[in-house]
Amino acid sequence: MKIVTLDGPSGSGKGTVGRLLARELNFNYLDSGLLYRAVAILVIENCIALSEVNNIEGIARNMNLEFSSENNKIFLDGIDVSNSIRTEEISIVSSKVAQLKSVRAILHEIQRGYLKGNGLIADGRDMGTVIFPDADLKIFITASPEARAYRRHKELLGRGESVSLRDLERSIASRDRSDSERKISPLVPAVDAIIIDTSNMTVEEVKDKIVKHYRAT
Ligand code: C5P
């Protein structure tokens, strides 16, 4: 089965490109950030402190995250979280949850479970380095911090969440730092990854470029 990994920082455009790629190649799609976000929702809802690692492990092991490809809805333990899972509050807490080694190990197994069908587009931070080190094609997509904050701002506004661009730039810079500097599975390109800077590219251009690389594998 073919595997294409798509790693990169927040706002690099991975999600949009990943979905388009999955559709074009008729592959399964894993948005691994959603798993960390789902744990974050349950941590907040159950008033669990980040130091209560055992409880967080229990949450990660027992949560049930489902996707409806018909209407793009996301259900967590049967509840529609399609909007709440993408808020800034959840972005920040998910990045903290992502620093817990044992939680990452539990989610590792869940992520491997997405390997089915014709192939997989795996989107995240450590897809090419840790989860699917033998992938057929590894892409690391990035963009300038300004471009990423601008895209995220547009996305949040579109969903009715008003956050100032400056606050977002700060939040993205802080998440970049903690994602890149953490000891376990830091955000770094795999040695064999192709790096694409999407600052001045449209989503279609990025998708077409990756498809070309894929066809050449
Ligand atoms: O990709 P997204 O912004 O939805 O991910 C939310 C957070 O989850 C990231 O900031 C990162 O800390 C964490 N994450 C991770 N490893 C992944 C995917 C996401 O650590 N493979």
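See above for the structure.
Residues numbered from 1 in each chain as written. Predicted model: local features only at pLDDT ≥ 70, side-chain atom pairs only at ≥ 80, totals over all residues. Heavy atoms only, no water.

**Student:** I tried to follow the site of the ligand on my own but got confused; where do I start?
**Tutor:** The environment of the ligand is made up of 16 residues, and the closest members are R37, R104, R125, D179 and R182. S95 places a side-chain nitrogen or oxygen 3.3 Å from an oxygen atom of the ligand. Interatomic distance of 2.9 Å between a side-chain N/O atom of R182 and an oxygen atom of the ligand. Starting from 450 Å² of accessible surface for the ligand in isolation, the protein chains cover 96%. Top contributing element to the shell around the ligand by residue count: helix α2 (residues 33-45), with three residues. Residue composition of the shell around the ligand, by class: three nonpolar, five polar and eight charged. (Near = heavy atom within 4 Å. Polar contact = N/O pair within 3.5 Å; in protein donor to acceptor, adjacent residues only side chain to side chain. Areas by Shrake-Rupley, 256 points an atom, 1.4 Å probe, with all protein chains shown as cover. Helix = DSSP H or I, 4+ residues; strand = E, 2+ residues; numbered from the N terminus. Nonpolar A, V, L, I, M, F, W, Y, C, P; charged D, E, K, R; others polar.)

**Student:** What should I look at first to understand the pairing of strand β1 (residues 2-7) in this one?
**Tutor:** As a general feature of sheets, a regular strand has side chains that alternate between the two faces. Counting buried residues along β1, five of its six residues qualify, which places the element largely inside the surrounding structure. Two strands pair when backbone bridges link them, and β1 and strand β6 (residues 119-124) are joined in this way by six bridges, in the parallel orientation. Within β6, the residue paired with V4 across the bridge is I121. Both β1 and strand β7 (residues 137-142) contribute to a ladder of four bridges, which runs parallel. Across the sheet, the residue bridging to T5 is K138, located in β7. (Buried < 20%, exposed > 50% of the residue type's maximum accessible area, 1.4 Å probe, protein only. Pairing = 2+ DSSP bridges.)

**Student:** Where do I start with helix α4 (residues 88-97) in this structure?
**Tutor:** Each turn of an α-helix holds 3.6 residues, which means side chains three or four residues apart point in the same direction. By the criterion of burial, α4 is predominantly enclosed, with seven of the 10 residues buried. E88, I90, S91, V93, S94, S95 and V97 are the residues of α4 that are buried. Turning to α4, the residues buried within the fold contact α2, α5 (101-112), α7 (145-158) and α8 (165-181). (Contact = heavy atoms within 4.5 Å.)

**Student:** Would you take a moment to explain the pattern of salt bridges for this structure?
**Tutor:** A side chain with one charge may pair with a side chain of the opposite charge, provided their charged atoms come close. Summed over the entire model, instances satisfying the criterion amount to 18 salt bridges. The salt bridge involving D192 is made with K138; its shortest N-O contact spans 3.2 Å. Here D192, found in the loop between α8 and β8 (194-197), pairs with K138, found in strand β7; they are 54 residues apart in sequence, far enough to count as distant. Of the charged contacts, one joins D176 and R148 as a salt bridge, the two residues approaching to 2.6 Å between their closest N and O atoms. Of the two residues, D176 is situated in helix α8 and R148 in helix α7; the sequence distance between them amounts to 28 residues. You can call R148 buried: its relative accessible area is 4%. Shared partners join several salt bridges into a network, and the residues in it are E24, E204, K207 and D208. (Salt bridge = Lys/Arg side-chain N within 4 Å of Asp/Glu carboxyl O.)

**Student:** What is the right way to read the sheet that holds strand β5 (residues 79-80) from this model?
**Tutor:** Across a sheet, strands are paired by hydrogen bonds formed along the backbone, either parallel or antiparallel in direction. Read from one edge to the other, the open sheet built from three strands follows the order β3-β4-β5, with strand pairing classed as antiparallel. Looking at the sheet topology across the chains shown, the edges are occupied by β3 (65-68) and β5. Note: strand β4 (residues 73-76) against β5, two bridges, orientation antiparallel. Bridged to F75 within β5 is D80.

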